[in-house]
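# Chains, contacts and geometry: an overview
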Amino acid sequence: FDSGCDAQCNGAFDRPWSKTMIGYGDEREHFALELTYNYGIKGYARGNDLKYIGLRVTQQGLDAAAKMGYAVTPATAAAASDANEAAVYDIVGPDEVNHRCVVCANGDPNEFTSVALHCNDLNETYAYWVGLLGMSCMQHRQDYMRVQYRNGVPLEFYQLPTGQVVDHSKAEGR
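Definitions and cut-offs
Residues numbered from 1 in each chain as written. Predicted model: local features only at pLDDT ≥ 70, side-chain atom pairs only at ≥ 80, totals over all residues. Heavy atoms only, no water. Helix = DSSP H or I, 4+ residues; strand = E, 2+ residues; numbered from the N terminus. Buried < 20%, exposed > 50% of the residue type's maximum accessible area, 1.4 Å probe, protein only. Contact = heavy atoms within 4.5 Å. Salt bridge = Lys/Arg side-chain N within 4 Å of Asp/Glu carboxyl O. Pairing = 2+ DSSP bridges. Axes fitted to C-alpha atoms, helices over the stretch in contact; angles between N-to-C directions. Phe/Tyr/Trp six-rings, centres within 6.5 Å; stacked < 30°, edge-to-face > 60°. pLDDT = per-residue confidence, 0-100. Patch = residues over 30% accessible without salt bridge, like charges linked within 9 Å, V, L, I, M, F, W, Y side chains within 5 Å. Areas by Shrake-Rupley, 256 points an atom, 1.4 Å probe, with all protein chains shown as cover.

## Here we look at the overall build of the chain
Along its length, the chain carries three helices and 10 strands. Each helix and strand of the chain, placed in order from N terminus to C terminus, yields the pattern β-β-β-α-β-α-β-β-β-α-β-β-β. Residue burial in the chain is summarised as follows: out of 174 residues, 33% are buried. Within the chain, contacts between residues at least 6 apart in sequence are counted, and of these 51% link residues at least 24 apart.

## Quick notes on the pattern of salt bridges
Using the criterion set out here, one finds five salt bridges in the structure. Residue Arg 56 pairs with Glu 111 through a salt bridge whose shortest N-O separation is 3.4 Å. Of the two residues, Arg 56 sits in strand β3 (residues 50-57) while Glu 111 sits in strand β7 (residues 111-119), which places them 55 residues apart along the sequence. Judged by relative accessible area, which is 22%, Arg 56 ranks as partly exposed. Since its relative accessible area comes to 32%, Glu 111 is described here as partly exposed. The salt bridge involving Arg 141 is made with Asp 143; its shortest N-O contact spans 3.2 Å. Judged by its relative accessible area of 31%, Arg 141 falls in the partly exposed class.

## Comments concerning the sheet that holds strand β6 (residues 98-103)
One open sheet accounts for eight strands, arranged β4-β5-β6-β3-β7-β10-β9-β8; its pairing is mixed. At either margin of the open sheet sits one strand with a lone partner, and together these are β4 (72-74) and β8 (136-141). In this sheet, neighbouring strand axes are inclined to one another by 25° on average, regardless of whether the strands run parallel or antiparallel. Relative to β7, β3 runs antiparallel, the two being bridged by six bridges. Residue pairing across strands places Leu 55 opposite Phe 112, the latter belonging to β7.

## As for unusual backbone geometry
A positive phi angle, near 70°, is found at Glu 96, a position not held by glycine. Position of Glu 96 among the secondary structure elements: in the loop between β5 (88-92) and β6. For Glu 96, a relative accessible area of 58% translates into the label exposed. Despite not being glycine, Arg 150 shows a phi value in the positive range, around 30°. Residue placement: Arg 150 occurs in the loop between β9 (144-148) and β10 (155-159). In this structure Arg 150 comes out as exposed when scored by relative accessible area, which is 78%.

## What about the packing of aromatic side chains?
Considering all chains together, one arrives at six aromatic pairs under this definition. Here the aromatic rings of Tyr 24 and Phe 112 are separated by 5.3 Å at their centres, their planes lie at 55°, and the arrangement is tilted. Here the residue Tyr 24 occupies a position in the loop between β1 (17-23) and β2 (32-38), and Phe 112 occupies one in strand β7, the gap between them amounting to 88 residues. Given the relative accessible area of 38%, Tyr 24 is considered partly exposed.

## Overview of the confidence of the model for the chain
The predicted coordinates of low-pLDDT regions are not to be read in fine detail. Per-chain confidence: the chain averages 83 in pLDDT, with 82% of residues scoring 70 or above. Model confidence for the chain, summarised as mean pLDDT per element, is weakest for helix α2 (residues 77-82) at 59 and strongest for helix α3 (residues 122-132) at 97.

## Structural notes on a nonpolar patch on the surface
Together, Tyr 128, Leu 132, Leu 133 and Tyr 149 line one region of the surface with nonpolar side chains, adding up to about 400 Å² of accessible area. With respect to the helices and strands, the residue Tyr 149 is situated in the loop between β9 and β10. Residue Tyr 149 is classed as partly exposed on the basis of its relative accessible area of 41%.

Below is the structure:
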């Protein structure tokens with residue numbers, strides 16, 4: 001492209017950009033992330049909206065991340081319970097995005113397990129995603145909710161503590 005997108009699908013950046021989709025299969029059957037790159041922008045101020053991207057990985061994948069210098073830390077007991085798995089680790093990538101990794105010994109490790117977001121009001125979030133959009137609520141407690149469509153990748157919402165609000169910052173939609 002010679003100029004920015006008039007619809008601002010690349011954010012408020014009037015400059016050339018490109019888009020890449022990443023996933024583990026055909027988008028009609030598998031979840032995919034859309035990555036937008038704005039040429040000449042070295043980074044974005046991040047907010048607190050994205051909590052983590054959940055992935056299923058092998059022990060070999062965890063070992064490779066550690067070998068590359070990324071911190072591989074055990075997730076909290078609550079996180080392991082939420083994932084219904086015993087071995088759950090957090091890896092923070094070079095872009096400061098947290099990846100919650102569920103270790104699998106067998107089967108296909110190449111899949112997303114969830115996308116987790118913070119929210120201001122879990123009741124309003126429930127009303128929108130379950131009430132209006134018709135997602136199924138798989139798990140709900142005072143500070144956490146997990147929803148999904150049929151066999152899709154679940155969305156997880158974590159209520160921010162009182163006094164904190166969701167901040168998209170300059171990375172909104174990125």
